[in-house]
Amino acid sequence: MPGQRSITEAEKLVEAKLGGTPVSHERMAVVANIYRAAAAVRQHLENAVLRSSDLTWTAFVVLWVIWIWGESESRHVAEEAGISKGTLTGVIRTLELRGLVRRSEHPSDGRLLLLSLTGEGEELMRRVFPDFNAEESFVTSRLDDDACRALATGLRQVVLQVEENGEERRLALLDGAKPAPRRSGRRRQATREG
């Protein structure tokens, strides 16, 4: 099963499959390993730290954003957490029921929602974050401080490239053409015509 293969085995299989294909193997490996590392770290942190506080990864990230930024508009929390406003609504409902987050109306625009941590939410983050950070140290323990700084700098460059140039690149790839229809739509159309 794919989930049971090591990173080394996966890289060998990719090389065997794509060895003669003209692709940038080094850059493909970077992106694949960003994904693998993020998934592995997230799973480890959820299992080692967050589960004991009955938190999901997404709930922790939302708490973290509010904890660091202080009272914030819900749309900004969703953006910083990398989730949709709809997903945030469900997460906030759960955190509010647990007494960790407070919602309030914006003082000058009643359409906007402000989010802040309650005292209990603040206490939870002060209690959980040292354990979370200890596991961040564990998952990066094969890297010395210089390697950690270099990796963080390199990953920031990847993020900046996408943030600053991703939309322009997407539009250039489309080159003004409409996006291709979804596969399911083509199948339905072929079935009707056939």
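The protein chain has the name MarR family transcriptional regulator in an unreviewed UniProt entry, where Nonomuraea longispora is given as its organism.

A. Structural view of the packing of aromatic side chains. In total, this model carries six aromatic pairs according to the counting rule given. Judged by centre distance (6.1 Å) and plane angle (35 degrees), the rings of Trp 57 and Phe 132 are tilted. Of the two residues, Trp 57 is situated in helix H3 (residues 57-69) and Phe 132 in helix H6 (residues 119-139); the sequence distance between them amounts to 75 residues. When its relative accessible area of 21% is taken as the criterion, Trp 57 is described as partly exposed. By relative accessible area, Phe 132 is classed as buried at 4%. When the centroid spacing of 6.0 Å and the interplanar angle of 55 degrees are considered together, the rings of Trp 67 and Phe 129 count as tilted. Of this pair, Trp 67 sits in helix H3 while Phe 129 is found in helix H6, placing the two residues 62 residues apart along the sequence. A relative accessible area of 23% places Trp 67 in the partly exposed class. An aromatic cluster of three or more residues is present, and its members are Trp 57, Phe 60, Trp 64, Trp 67, Phe 129 and Phe 132.

B. How the structure looks around H3. Its 13 residues give H3 an end-to-end C-alpha distance of 18 Å, which sits within 8% of 18 Å, the value for a rise of 1.5 Å per residue. Restricting attention to buried positions, one finds in H3 the residues Thr 58, Ala 59, Phe 60, Val 61, Val 62, Leu 63, Val 65 and Ile 66. Where H3 is buried, its residues meet helix H2 (25-50), helix H4 (74-81), helix H5 (85-97), strand E2 (101-105), strand E3 (113-117) and H6. At the C-terminal side of H3, Gly 70 shows a positive phi close to 75 degrees.

C. View of the side chain of Ser 116. Mapping Ser 116 onto the fold places it in strand E3. For Ser 116, a relative accessible area of 11% corresponds to the buried category. In contact with Ser 116, not counting residues within four places along its chain, are Ile 66, Glu 71, Leu 100, Val 101 and Arg 102.

D. Fine view of the pattern of salt bridges. Considering all chains together, one arrives at eight salt bridges under this definition. Note that Glu 123 and Arg 126 form a salt bridge whose closest N and O atoms lie 3.7 Å from each other. Of this pair, Glu 123 and Arg 126 both sit in helix H6, separated by three residues, roughly a single helical turn. Judged by its relative accessible area of 40%, Glu 123 falls in the partly exposed class. The exposure class of Arg 126 is partly exposed, given its relative accessible area of 47%.

Procedures and definitions
Residues numbered from 1 in each chain as written. Predicted model: local features only at pLDDT ≥ 70, side-chain atom pairs only at ≥ 80, totals over all residues. Heavy atoms only, no water. Phe/Tyr/Trp six-rings, centres within 6.5 Å; stacked < 30°, edge-to-face > 60°. Helix = DSSP H or I, 4+ residues; strand = E, 2+ residues; numbered from the N terminus. Buried < 20%, exposed > 50% of the residue type's maximum accessible area, 1.4 Å probe, protein only. Expected span 1.5 Å × (residues − 1). Contact = heavy atoms within 4.5 Å. Salt bridge = Lys/Arg side-chain N within 4 Å of Asp/Glu carboxyl O.

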